[in-house]
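# Reading the structure
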Amino acid sequence: MVVRLHRRPLAQALLALLLMLGSVTGAGAADLLTLFGEENAGTAGAQFLRIPVGARSVALGKAFTAMATDASALYWNAAGIMRTPGRTNYYASHSKYTAGIDLDYLSFHRRGQNYGFGLSMGVLRSGDILRTDEFHQAGTGQYFNANQFFVGATLARSMTDRFSIGGTLKFYQENLDEYQIQALLADLGILYFVGLGDLRVGFAVKNFGSNLKPGGTPPAMPDGYQAATDFQKFPAPTEGTFGAAKTWGLSRNIGLVTTADFNHPSDNQESFRFGTELGLREMLFLRGGYETGRTEAGWAAGFGLQLKRNQFLLRVDYAYSDMGAFGIIHHISVDLSPLTRPKDTDSWRRESR
């Protein structure tokens with residue numbers, strides 16, 4: 001009987017994984033497995049959805065599939081919202097990206113004992129871009145924008161005390177001058193605590209759904225060129241990630257977390273991600289991470305400050321990542337969790353006096 005209880009969550013996890021892979025084929029991405037690989041580099045659109053969210057995850061080299069137990073779990077692994085310290089989380093993240101581009105992310109989630117839900121939004125703002133053409137290489141004096149955003153709704157459930165599953169449905173829109181791209185995409189994730197300390201494994205499939213295609217009619221071409229009758233379609237930036245993480249108690253006031261992910265994108269070569277976090281008295285956290293196989297954004301580092309009171313848990317994180325020729329990228333995020341006070345079992349005695 002004991003053996004069956006231990007095997008049941010693992011069997012559920014494997015079943016959920018098969019269902020997730022099966023649902024991908026039903027969402028307009030039947031060639032998901034064959035698309036993966038470096039030979040498809042540059043074939044997927046909506047790369048904005050690949051820009052990492054949260055300073056903590058960036059500092060850990062984006063090895064966050066099994067680490068996602070804070071409010072950024074809505075982006076990394078929706079199943080993680082069932083393991084957050086507080087039942088309610090508010091989260092904000094800002095990245096000062098390259099070429100004057102800003103990325104902002106907001107999320108909120110609430111969980112009960114068995115179910116959780118959340119809302120998230122991400123916005124990428126390009127700023128003003130100088131318009132050029134073949135006759136005005138230095139600019140025409142006019143400007144345009146290339147902004148992108150998404151809004152998402154997440155549902156998650158704890159199947160057992162160790163195993164949870166979650167999914168996110170996202171509406172994505174890209175505005176490039178007068179042209180628009182709109183798509184409905186989805187994420188699915190699982191998180192399983194093995195039972196050896198806090199060792200956990202996670203799996204997530206993100207950004208799968210319909211192909212991306214601009215609306216409207218292609219612009220007119222100069223004399224001598226044949227205008228296209230329709231825009232070309234591009235696949236969504238689907239990726240699958242498997243990861244594991246564990247905390248090692250070095251002493252009463254010092255803890256060390258190690259985490260690793262295997263990332264499998266649809267339009268680039270696979271990569272391994274590694275990260276480590278050193279926690280001092282659960283107040284100061286020092287982090288470092290690395291992703292293999294990436295010419296840009298391989299190394300990352302950062303730190304976090306955490307303040308815990310009876311009423312709330314507040315963490316502020318900072319990270320920087322090396323984008324090579326694009327320079328250093330700065331990230332900052334704030335995670336706020338109101339904490340539920342434990343019930344005073346003797347309060348009725350004082351009230352009756």
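Residues numbered from 1 in each chain as written. Predicted model: local features only at pLDDT ≥ 70, side-chain atom pairs only at ≥ 80, totals over all residues. Heavy atoms only, no water.

In this section: the packing of aromatic side chains. One pass over the structure, following the stated rule, counts 14 aromatic pairs. On the basis of an interplanar angle of 80° and a centroid distance of 6.4 Å, the ring pair of Tyr 75 and Tyr 105 is categorised as edge-to-face. In this pair, Tyr 75 sits in helix α4 (residues 73–76) while Tyr 105 sits in strand β2 (residues 102–111), placing the two residues 30 residues apart along the sequence. By relative accessible area, which is 7% here, Tyr 75 ends up buried. Residue Tyr 105 is classed as buried on the basis of its relative accessible area, which comes to 2%. Where Tyr 91 meets Tyr 105, the ring centres are 6.3 Å apart and the plane angle is 70°; that geometry is what we call edge-to-face. One end of the pair, Tyr 91, is in strand β1 (residues 88–96); the other, Tyr 105, is in strand β2, and 14 residues separate them in sequence. One residue, Lys 170, lies across the ring of Phe 150, its end atom 5.6 Å from the ring centre. Between the NZ or CZ atom of Lys 246 and the centre of the ring of Trp 248, over which it lies, the distance is 4.4 Å. (Phe/Tyr/Trp six-rings, centres within 6.5 Å; stacked < 30°, edge-to-face > 60°. Helix = DSSP H or I, 4+ residues; strand = E, 2+ residues; numbered from the N terminus. Buried < 20%, exposed > 50% of the residue type's maximum accessible area, 1.4 Å probe, protein only. Lys NZ or Arg CZ within 6 Å of the ring centre and 35° of its normal.)

On to the environment of Asn 253, then. Inspection of the secondary structure puts Asn 253 in the loop between β10 (239–249) and β11 (254–265). Setting aside its immediate chain neighbours within four residues, Asn 253 contacts Gly 279, Leu 280 and Arg 281. (Contact = heavy atoms within 4.5 Å.)

On to the confidence of the model for the chain. Detailed conclusions should not be drawn from predicted coordinates in areas where pLDDT is low. When pLDDT is averaged along the chain, the result is 82; 84% of the residues meet or exceed 70. Here residues 1–7 is modelled with pLDDT under 50, and outside its nearest four sequence neighbours on either side it reaches two contacts, counting other chains as well. Counting interchain partners and residues more than four positions distant, the pLDDT-below-50 stretch residues 11–36 has 36 contacts. (pLDDT = per-residue confidence, 0-100.)

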